[in-house]
Amino acid sequence: MTDDDPAATTPSETRRGTPGGGVRPSADDIEPAAPEEFGLVQAWWGDGKGKTTAALGMAFRAAGHGYRVHLLQFLKGGADSVESVRGEYNAIAAVPGITYENTGHYGWHGMLDGSDEDEHRAKARGALARAEDLIEAATDADLTAPLDLDADPEAGVHLLVLDEILYAVDQGLIEESAVLDLIDAKPEDLELVLTGSHTEPTYLLDAADLVSEVRKLKHPFDAGIRARKGTEY
């Protein structure tokens, strides 16, 4: 066999050429750390289940590396199909470095569920103002350094998830330009994740670094199965 023959490569050499150098992944204690490559804008949209789920997965992954993370939820104030306690909130409370706040109004805007439509607009605009404050706070922080995992998000975060903000745009509760202004205002090292919308957010195609569509092929809701504890909340 020649040096160019793939069969001449030993198993140890193969492992060294793989991510992680062939070392089996493991868990470790969470200590404050700073990301080296954060600063992108991600958008998750579509008519399928999984947009918030994907954002939460990234949030927990970042928190697991010791980065400071905050989840700000638009529109998810609750409904009669879900309980007041969400599984993700319990998990967030148990993991250092990640926090959340829910700014939604009961029910869903435009769904004729008896909720106050004007209150939906007021809550969405309040959430937008809160997002602006958090981005300003991140601008004042040194995101290239570890952040106190127990500090309030006003002290700065490395990753900010604005969950359902794109639905708020769809519903006419906030303007497309307001989302673009958030992106323009964010500091260079802040990773910003936006979710929501069944309509393609074409206004984000130039401003975002990642735009992923979560497309529905089949959904249990179509068969009359309501939100289930442990999967939808």
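Higher on the page you've got the structure.
Within every chain, residues take consecutive numbers counted from 1 along the sequence as written. Only residues with pLDDT of at least 70 are given local features in this predicted model, and only at 80 or more are side-chain atom pairs given and counted; all residues enter the totals for whole chains, interfaces and linings. Heavy atoms from the whole structure form the basis of all side-chain values; hydrogens and water molecules are not counted.

1. Brief notes about the overall build of the protein
- Looking only at helices and strands, the protein has 6 helices and 6 strands in total.
- From first element to last, N terminus to C terminus, the protein shows the α and β order α-β-α-β-α-β-α-β-α-α-β-β.
- Throughout, exposure labels follow a simple rule: accessible area from a 1.4 Å probe, protein chains only, divided by the maximum for the residue type, with under 20% read as buried, over 50% as exposed, and the rest as partly exposed. The buried share of the protein, reckoned over its 233 residues, is 41%.
- In this analysis, two residues are considered to be in contact whenever any of their non-hydrogen atoms come within 4.5 Å of each other. For the protein, the share of sequence-separated contacts (at least 6 apart) that also reach a separation of at least 24 residues comes to 78%.
- For the protein, the accessible area works out to roughly 13000 Å², and carbon and sulfur atoms hold 49% of it. The way it works is that DSSP assigns letters per residue, a run of H or I at least four long becomes a helix, a run of E at least two long becomes a strand, and they are numbered from the N terminus. Accessibility throughout is a Shrake-Rupley quantity obtained with a 1.4 Å probe, and a residue counts as covered only by protein chains that appear here.

2. Remarks on the pattern of salt bridges
- A pairing counts as a salt bridge when a side-chain nitrogen of Lys or Arg comes within 4 Å of a carboxyl oxygen of Asp or Glu. The final tally for this structure, using the stated rule, is 2 salt bridges.
- The partner of R130 in a salt bridge is E101, with the nearest N and O atoms 3.0 Å apart. Here the residue R130 occupies a position in helix α4 (residues 117-140), and E101 occupies one in strand β3 (residues 98-102), the gap between them amounting to 29 residues.
- Salt-bridge contacts for R130 lead to E154; the nearest nitrogen and oxygen are separated by 2.8 Å. Taken together, the residues R130 in helix α4 and E154 in the loop between α4 and β4 (159-163) connect sequence positions 24 residues apart.
- The class for E154 is partly exposed, based on a relative accessible area of 42%.

3. Concerning the side chain of E191
- As for its position among the elements, E191 is in strand β5 (residues 191-195).
- Buried charge without a salt bridge: E191, with K186 as the nearest opposite-charge side chain at an N-O distance of 6.5 Å.
- By the criterion applied in these results, polar contacts are pairs of N or O atoms within 3.5 Å in which, for protein atoms, one can donate a hydrogen and the other can accept it, and in which residues neighboring in sequence qualify only through two side-chain atoms. Separated by 2.8 Å, the side chain of E191 and the backbone nitrogen of G39 make a polar contact.
- For E191, the side chain forms a polar contact with the side chain of Q42, separated by 3.0 Å. Just so you know, the count uses Lys and Arg for positive and Asp and Glu for negative, and it drops His and the chain ends.

4. Here we look at the nonpolar core
- Note on terminology: a nonpolar core comprises buried Ala, Val, Leu, Ile, Met, Phe, Trp, Tyr and Cys residues joined through side-chain atoms within 4.5 Å. With 35 residues, the main nonpolar core has F74, L162, I165, I174, L194 and L204 as its most contacted residues.
- It is α4 that provides the largest number of residues to this core, a total of 7 residues.
- Here F74 is in contact with T103, A124, A127, L128, L162, D163, E164, I165, A168 and I174, once residues within four sequence places are set aside.
- Counting 16 residues, the second-largest nonpolar core is a separate cluster that includes W44, A62, L71 and I92.

5. Details of the environment of D163
- Relative to the helices and strands, D163 resides in strand β4.
- Of note is the side chain of D163, whose polar atom sits 2.6 Å from the side chain of T52.

6. Topic: helix α2 (residues 51-64)
- For α2, which comprises 14 residues, the first-to-last C-alpha distance of 20 Å matches the rise-based estimate of 20 Å (1.5 Å per residue) to within 8%.
- Within α2 the residues assigned to the buried category are K51, T52, A55, L56, M58, A59, A62 and A63. Relative to the axis of α2, the buried residues are bounded by an arc of 160 degrees and lie together on one face.
- Looking at the residues trailing α2, positive phi occurs at G66, about 90 degrees. Expected helix span is computed as 1.5 Å times (number of residues minus one). The directions considered for the arc run from the helix axis to the C-beta atoms.

7. A look at the packing of aromatic side chains
- Any two of the Phe, Tyr and Trp rings considered here, Trp counted by its six-membered ring, make a pair once their centres fall within 6.5 Å; the pair's planes then place it as stacked at under 30 degrees, edge-to-face at over 60, or tilted in between. Going through the model one piece at a time under the given rule, you end up with 2 aromatic pairs.
- Judged by centre distance (5.3 Å) and plane angle (75 degrees), the ring pair of F38 and Y67 falls under edge-to-face. On the criterion of sequence distance, the pair formed by F38 in the loop between α1 (11-16) and β1 (41-45) and Y67 in the loop between α2 and β2 (69-73) is long-range, its members being 29 residues apart.
- For the pair Y89 and Y100, a centre-to-centre distance of 3.9 Å together with 10 degrees between the ring planes defines the contact as stacked. Of this pair, Y89 sits in helix α3 (residues 87-94) while Y100 sits in strand β3, placing them 11 residues apart in sequence.
- Looking at Y100, the relative accessible area reads 34%, which means it is partly exposed.

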